[in-house]
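Okay, here's what each chain looks like letter by letter:
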Amino acid sequence: ARGMVATRRLASFAARRAFASVPGRVPGPGTPPPPGGFKQPPVPESLQGVQRIIAVASGKGGVGKSTTAVNLACATARALNLRVGLLDADVFGPSVPILMNLAEAGMPAIDERKRMLPLENYGVKCMSMGFLIPEERAAVWRGPMVMGALGKMVRETAWAPLDVLFVDMPPGTGDAQISISQQIPLTGAVIVSTPQEIALADVRRGVNMYAKVAAPILGFVENMAHFVDADGRKVYVFGQGGVRRTAEEHGVELLGEVPLDPSIGTSSDAGRPVAVSAPDGDAGRLYEAMARRLIEKTAPLPEPS
């Protein structure tokens, strides 16, 4: 019953705010805020006590963004022993319940302050529309309703205290991405892509969008970079080095090149991310290294005045 009430509240809440932006390019090691453009919002009360907020994004679907977000979150919690949250901002295609083995965990509980309590597994606090809407039921919502739902998950969830909150963004550069940027001050964004040009074109659009919303690009992740055959040779199924070249063009760090490894997909479908199920494997160590680098290169958000 509480879950249905929460779902109705999410669906009924609609809010749209103006979006100001100016063109921007990435001239250095990250994306600087454009002068006179978008101003980051203040930290909402629900996120006071959250040290970092990192968006994991992609310009195109199907490149492994959610798998990357989940493994970064799990690696940060397990290897770095930090307090970690994961917000599934993909309202139309929530993946976190399955990837985090929480699909059967039920609805979030509500505390005495009427806030939703994140579901937790592998040391990561999680919130997703997949916890509130049955798996077989589609969220057939227009833009304002989507933004309202995202706002509810941000503002009416008991997130704090956290060292880092990862936000699994929906693919693309539309209302949902803008809405998140309007409602929470992002520490920065990680952009995930596969090496082929059709995906890289959308990466460039994503870089431009995050420049407009004053969110530094913390790094690129090349997913499905290569396949290792039975003889140990690397086979570049989707082309070689595309994300690396794009990172160099924009002056952005390449955080890692994740191989096309069947075990990553198998463990993800089973709700056992490789950062947890095989932390000492090649992929597990790579996710840990990327998680460490993200914490190293980011500073905690300033305390609200």
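Quantities reported herein were computed from a predicted structural model and do not represent experimental measurements.

A. Fine view of a nonpolar patch on the surface. Together, Phe227, Val235 and Val237 make up an exposed nonpolar region whose accessible area comes to about 220 Å². Position of Val235 relative to the elements: it lies in strand E9 (residues 234-235). A relative accessible area of 36% means that Val235 is categorised as partly exposed.

B. Molecular detail of the sheet that holds strand E1 (residues 53-57). Read across the open sheet, the eight strands follow the order E3-E4-E2-E5-E1-E6-E7-E10; overall the sheet is mixed. Each having just a single partner strand, strand E3 (119-121) and strand E10 (254-257) make up the two edges of the open sheet. Recorded for the sheet is a direction-independent mean angle of 20 degrees between the axes of neighbouring strands. With four bridges joining them, E1 and strand E5 (residues 164-168) adopt parallel strand pairing. What sits directly across from Ile53, in E5, is Leu165. Against the sheet, helix H6 (residues 197-212) makes contact with E1, strand E6 (188-193) and strand E7 (217-222), and its axis sits at roughly 170 degrees relative to E6, the strand it touches most. With respect to the sheet, helix H7 (residues 242-250) is in contact with E6, E7 and E10, its orientation differing from that of E7 by roughly 160 degrees.

C. Structural detail: the packing of H6 against H7. Where H6 contacts H7, the two axes come as close as 11 Å, and the packing angle between them is 30 degrees. Accordingly, the angle class assigned to the pair H6 and H7 is roughly parallel. Along this stretch, H6 crosses H7, giving a crossing that reads as right-handed. Judged by residue contacts, Leu200, Val203, Arg204 and Val207 of H6 engage Gly242, Val243, Thr246, Glu249 and His250 from H7. Residues that form the contact of H6 with H7 fall into these classes: four nonpolar, three polar and two charged.

D. The arrangement of the state of the cysteines in detail. For the coordinates displayed, the defined rule picks out zero disulfides. Just so you know, Cys74 is unpaired, no disulfide at all, and the nearest cysteine sulfur is the one on Cys126, 7.5 Å from it.

The rules behind each value
- Residues numbered from 1 in each chain as written.
- Predicted model: local features only at pLDDT ≥ 70, side-chain atom pairs only at ≥ 80, totals over all residues.
- Heavy atoms only, no water.
- Patch = residues over 30% accessible without salt bridge, like charges linked within 9 Å, V, L, I, M, F, W, Y side chains within 5 Å.
- Areas by Shrake-Rupley, 256 points an atom, 1.4 Å probe, with all protein chains shown as cover.
- Salt bridge = Lys/Arg side-chain N within 4 Å of Asp/Glu carboxyl O.
- Helix = DSSP H or I, 4+ residues; strand = E, 2+ residues; numbered from the N terminus.
- Buried < 20%, exposed > 50% of the residue type's maximum accessible area, 1.4 Å probe, protein only.
- Pairing = 2+ DSSP bridges.
- Axes fitted to C-alpha atoms, helices over the stretch in contact; angles between N-to-C directions.
- Contact = heavy atoms within 4.5 Å.
- Parallel < 35°, antiparallel > 145°, perpendicular 65-115°, else oblique.
- Left-handed = near helix turned anticlockwise from the far one by under 90°.
- Nonpolar A, V, L, I, M, F, W, Y, C, P; charged D, E, K, R; others polar.
- Disulfide = S-S within 2.5 Å.

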